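# Architecture and fold: a report
Listed here are the chains, written in short residue letters.
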Amino acid sequence: MPKIIGKSLHEHRQMTRHKLFAALSTLMAERGFDTITLADIAQAAGVGRTAVYNHFADKEALLLGFITHETEQYAHTLERALAEVDDPVTQLRTYIRQQAQLTTVFHLAPGPDLRTVLSRSTQSRLREHAEIVESILKRILRDGVETGAFPPQDIEPTVQLVNACLSGRLIPTDQEARERTIRATETFVLRAVGARPQMAA
């Protein structure tokens, strides 16, 4: 019988899942998802392969579990940050900064784009998770249009264009360069959505 970590079976399962997620994250930062095996993940997590199968049927199921966890955590963090401000322009700035901090490996992983190596069903599930964050941006933009902070515009393509500017950006690690890049991104996106100059400054 495998050794139980944690104070209960539930805690053991949660801790094992987190170890698997951490291992997958580390491996994906080093190489493409297509080259990673469940055996690699199990070894990096310090668990047996059987433990992996106890939680996930295959590698794509593990990736989905990881992305679900990451997306939920990120959405909660973003909502907490947005709750501290009320005007749409500042909320959009906050959204941009939170996205700039996001270094989730499924955006930045080496190797082929995940969309080219995953099944259609998994791609569809990934899209559902992306929509969780997109819905927050849609709300910010709609509020901005309603209050006059942004001019009337087609929200759906605007969301896609804004996120295209932010997704997978390699933000510099140097603090000064990082801040300069984030400020430039803020200015670009605010101009793109038509924020009034005095509010975008």
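Residues numbered from 1 in each chain as written. Predicted model: local features only at pLDDT ≥ 70, side-chain atom pairs only at ≥ 80, totals over all residues. Heavy atoms only, no water.

Right, let's get into the overall build of the protein chain. Summing up its helical and strand segments, the protein chain has 10 helices and zero strands in all. Taken from the N to the C terminus, the helices and strands of the protein chain come in the order α-α-α-α-α-α-α-α-α-α. When burial is assessed residue by residue, the protein chain has 39% of its 201 residues classed as buried. Taking all contacts inside the protein chain whose residues are at least 6 apart in sequence as the whole, residues at least 24 apart take part in 67%. Surface accessibility of the protein chain: about 11300 Å² in total, with carbon and sulfur atoms responsible for 53%. (Helix = DSSP H or I, 4+ residues; strand = E, 2+ residues; numbered from the N terminus. Buried < 20%, exposed > 50% of the residue type's maximum accessible area, 1.4 Å probe, protein only. Contact = heavy atoms within 4.5 Å. Areas by Shrake-Rupley, 256 points an atom, 1.4 Å probe, with all protein chains shown as cover.)

What follows concerns the UniProt feature "DNA-binding region" (unreviewed entry) in the protein chain. With numbering aligned to this structure, UniProt lists the feature "DNA-binding region" (unreviewed entry) at residues 37–56. The span residues 37–56 is 75% helical and 0% strand by assignment, and the distance between its end C-alpha atoms comes to 13 Å. (UniProt positions renumbered as here; feature names shortened; annotations may be inferred.)

Next up on the list: the pattern of salt bridges. Any two side chains of opposite charge can pair if their charged atoms end up close together. Across all of its chains, the model carries 10 salt bridges by this definition. With its nearest N and O atoms 2.8 Å apart, the salt bridge here joins E186 to R93. Highlighted residues: E186 in helix α9 (residues 175–192) and R93 in helix α5 (residues 88–101), separated in sequence by 93 residues. For E186, a relative accessible area of 4% corresponds to the buried category. The salt bridge involving E131 is made with R127; its shortest N-O contact spans 3.8 Å. Here the residue E131 and the residue R127 both occupy positions in helix α7 (residues 120–147), the gap between them amounting to four residues, near one helical turn. For E131, a relative accessible area of 40% translates into the label partly exposed. Taken together, the salt bridges that share partners define one network made up of R93, R97, E179, R183 and E186. (Salt bridge = Lys/Arg side-chain N within 4 Å of Asp/Glu carboxyl O.)

This next bit is on the packing of aromatic side chains. A complete count under the given rule lists two aromatic pairs for this structure. Summarising the aromatic geometry, the rings of F21 and F56 are spaced 5.9 Å apart at their centres and angled 45° between planes, so their arrangement reads as tilted. Of the two residues, F21 sits in helix α1 (residues 9–30) while F56 sits in the loop between α3 (49–55) and α4 (59–82), which places them 35 residues apart along the sequence. Both residues of the pair, F21 and F56, count as buried. Between F21 and F66, the aromatic rings sit 6.0 Å apart at their centres with planes inclined by 50°, giving tilted as the arrangement. One end of the pair, F21, is in helix α1; the other, F66, is in helix α4, and 45 residues separate them in sequence. (Phe/Tyr/Trp six-rings, centres within 6.5 Å; stacked < 30°, edge-to-face > 60°.)

Bringing the side chain of Q99 into the picture now. Structurally, the position occupied by Q99 is in helix α5. A polar side-chain atom of Q99 sits 2.5 Å from a polar atom in the side chain of Y74. When residues no more than four places from it in sequence are discounted, the contact partners of Q99 are Y74, V133, N163 and L166. (Polar contact = N/O pair within 3.5 Å; in protein donor to acceptor, adjacent residues only side chain to side chain.)

What follows concerns the packing of α1 against α4. For the pair α1 and α4, interaxial distance at closest approach is 10 Å and the crossing angle is 100°. Our classification of the angle between α1 and α4 gives roughly perpendicular. On α4, the residues that touch H18, L20, F21, L24, S25 and M28 of α1 are L62, L63, G65, F66 and H69. Per-class residue counts for the contact of α1 with α4 are seven nonpolar, four polar and no charged. (Axes fitted to C-alpha atoms, helices over the stretch in contact; angles between N-to-C directions. Parallel < 35°, antiparallel > 145°, perpendicular 65-115°, else oblique. Nonpolar A, V, L, I, M, F, W, Y, C, P; charged D, E, K, R; others polar.)

Listing the buried residues of helix α2 (residues 38–45) in full gives L38, I41, A42 and A45. Mapping the buried residues of α2 onto a view down its axis gives an arc of 100°, with all of them on the same face. Those residues of α2 hidden inside the fold are in contact with α1, α3 and α4. Positive phi shows up at G46, right after α2, with a value of about 75°. (Arc of directions from axis to C-beta.)

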